[in-house]
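Listed below, chain by chain, are the residues.
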Amino acid sequence: MFKDLDPILHSQLRLAVVSLLIGVKEAEFTFLKEKTNSTAGNLSVQIQKLKDAGYIDVVKQFKNNYPQTICKITPQGISAFEEYVKNLQAYLGQSK
Amino acid sequence: MEDKKISEQESLLLIQEMIGKAKSHFHESGGSSILWGSVIGTCGLVSYFQEEFRFSIGFDIWILTLVAILPGIWINIRASKRRSVKTYAQSATDVVWNVFGISIVCLVLYGNIVPSASQHLFSSDNIELLQRNTLTGEIKNYRPSALSLSSIFLIIYAFPTLATGWITGFKPMTIGSIICYAFFVMSLFTPFKYDMLLSGFAGIGNWLIPGLILNSRYRKVKSAHV
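Chain A has the name Transcriptional regulator in an unreviewed UniProt entry, where Terrimonas ginsenosidimutans is given as its organism.

S.K.: Would you explain the overall build of chain B in this entry?
M.R.: When its secondary structure is counted, chain B shows eight helices and three strands. The C-alpha radius of gyration computed for chain B amounts to 23 Å, which surpasses the reference 17 Å derived for 226 residues by more than 25%, pointing to a less compact arrangement than a globule. When its C-alpha atoms are laid out on the principal axes, chain B stretches across 90 × 40 × 30 Å. Counting every position in chain B, which comprises 226 residues, the buried fraction comes to 35%. Considering only residue pairs separated by 6 or more positions, chain B has 71% of its internal contacts joining residues 24 or more positions apart. Entry remark: accessible area of chain B is about 13600 Å², with carbon and sulfur atoms responsible for 66%.

S.K.: Would you take a moment to explain the UniProt feature "domain: Winged helix DNA-binding" (unreviewed entry) in chain A for this structure?
M.R.: Here, the residues flagged by UniProt with the feature "domain: Winged helix DNA-binding" (unreviewed entry) are residues 13-92 of chain A. Helix makes up 61% of residues 13-92 of chain A and strand 24%. Its end C-alpha atoms lie 21 Å apart.

S.K.: Would you explain a positive patch on the surface in this entry?
M.R.: Residue and element names in this part refer to chain B. Taken together, Arg78, Arg82, Arg219 and Lys222 make up a surface patch of like positive charges. Looking at the positive patch, the elements that each hand over two or more residues are α4 (69-82) and α8 (192-225). With respect to the secondary-structure elements, Arg78 resides in helix α4.

S.K.: Explain the UniProt feature "transmembrane region" (unreviewed entry) in chain B to me, please; I cannot follow it from the model alone.
M.R.: Residues and elements named next belong to chain B. When the UniProt feature table is mapped onto this chain, "transmembrane region" (unreviewed entry) is found at residues 31-49, 55-75, 95-113, 146-166, 173-190 and 196-214. With 86% helix and 0% strand, the stretch residues 146-166 has end C-alpha atoms that lie 30 Å from each other. In this annotation, residues 173-190 is assigned 83% helix and 0% strand; the end-to-end C-alpha distance for the span is 25 Å.

What counts as what
Starting from 1, residues in each chain are numbered consecutively following that chain's sequence as written. All chains are assigned letters beginning with A, and all ligands numbers beginning with 1, in the order in which they are written. Local features are withheld for residues below a pLDDT of 70 in this predicted model, meaning they are given only at 70 or higher, and side-chain atom pairs are given and counted only at 80 or more; totals for whole chains, interfaces and linings count all residues. The side-chain figures draw on all heavy atoms in the structure; neither hydrogens nor water molecules are used. Think of it this way: any DSSP run of H or I at least four residues long counts as a helix, any run of E at least two long counts as a strand, and we number them from the N terminus. Using C-alpha atoms as the atom set, the radius of gyration is obtained and then compared with a globule rule of 2.2 Å times the number of residues to the power 0.38. Three labels apply to residues, based on accessible area from a 1.4 Å probe with only protein chains included: buried if under 20% of the type maximum, exposed if over 50%, partly exposed otherwise in between. Contacts are assigned to residue pairs with any non-hydrogen atoms lying within 4.5 Å of each other. Working definition of accessibility: Shrake-Rupley area with a 1.4 Å probe, residue cover restricted to the visible protein chains. UniProt positions are given in the numbering used here, feature names are shortened, and annotations may be inferred rather than shown by experiment. Candidate patch residues must exceed 30% relative accessible area and have no salt bridge, after which like charges are joined if within 9 Å and Val, Leu, Ile, Met, Phe, Trp or Tyr side chains if within 5 Å. Each reported salt bridge corresponds to a side-chain nitrogen of Lys or Arg within 4 Å of a carboxyl oxygen of Asp or Glu. This count recognises Lys and Arg as positive and Asp and Glu as negative, with His and chain-terminal groups excluded. In plain terms, the charge of a residue is placed at NZ if it is Lys, CZ if Arg, CG if Asp and CD if Glu.

Right under this line is the structure:
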């Protein structure tokens, strides 16, 4: 019996954001937008959902008089991602 | 990319793709490497030519290293402001280069203070160090200092470059640092003027060339995004 995949992570854009953040210390909103090729509005909504789940930390500040949003994965987010990948591998391994 | 459900297979591919994108994100302009490579290269070569051809430019060329500190700090601040992502590797190499800066300042202090401090310490113990010219028999006071201090500088030059090359997998820096270590070994057997020549070549091979390669990659990536 397989565990259900985490619904927070099992979404294209949210999974892409967490996969990007897992390999870096922190990233700006503009970096995430560029790499995921998403719209600012959609990305903001998904970032908020990840933040509400406690998977990422979001810091809003100003840089050269422009607003800057910095995202960083939390230990809870790392655990959730590892669990998601483990379940995914188990599922794909079984279906082979 | 949208907020949509995806299959398990697609999830795995997406994770691989995004991890690859984060890993391959490249934005180092090599400005600091170019600056320090040019400065150390110039200082080393000018010192060598002064010794070889018996002339003086009227001031200590190595003062340029102190002059370069301010533009160096400005380049670093500008580069860190431009970064839209901070990787663990970058954080590690930033620490390595800061430690390098502190070590260089300490070594410069050592080279300037130890000779006179040692002389005072010896004289307080009623000891005087003398050196005798074996050809003329002339005896002069001897100020003790580290022999071949430039060899120690070569080790310090190679250290952050090898660490950065190793951590980031940037081969030109790894190769440059190995060349610098080779110069260090050579400098153990060469007189001062050739140590200066080796220092100049070390600045060029260790920093200037890798910096120019970094800069050319940076420009290519930047132009691809315009």
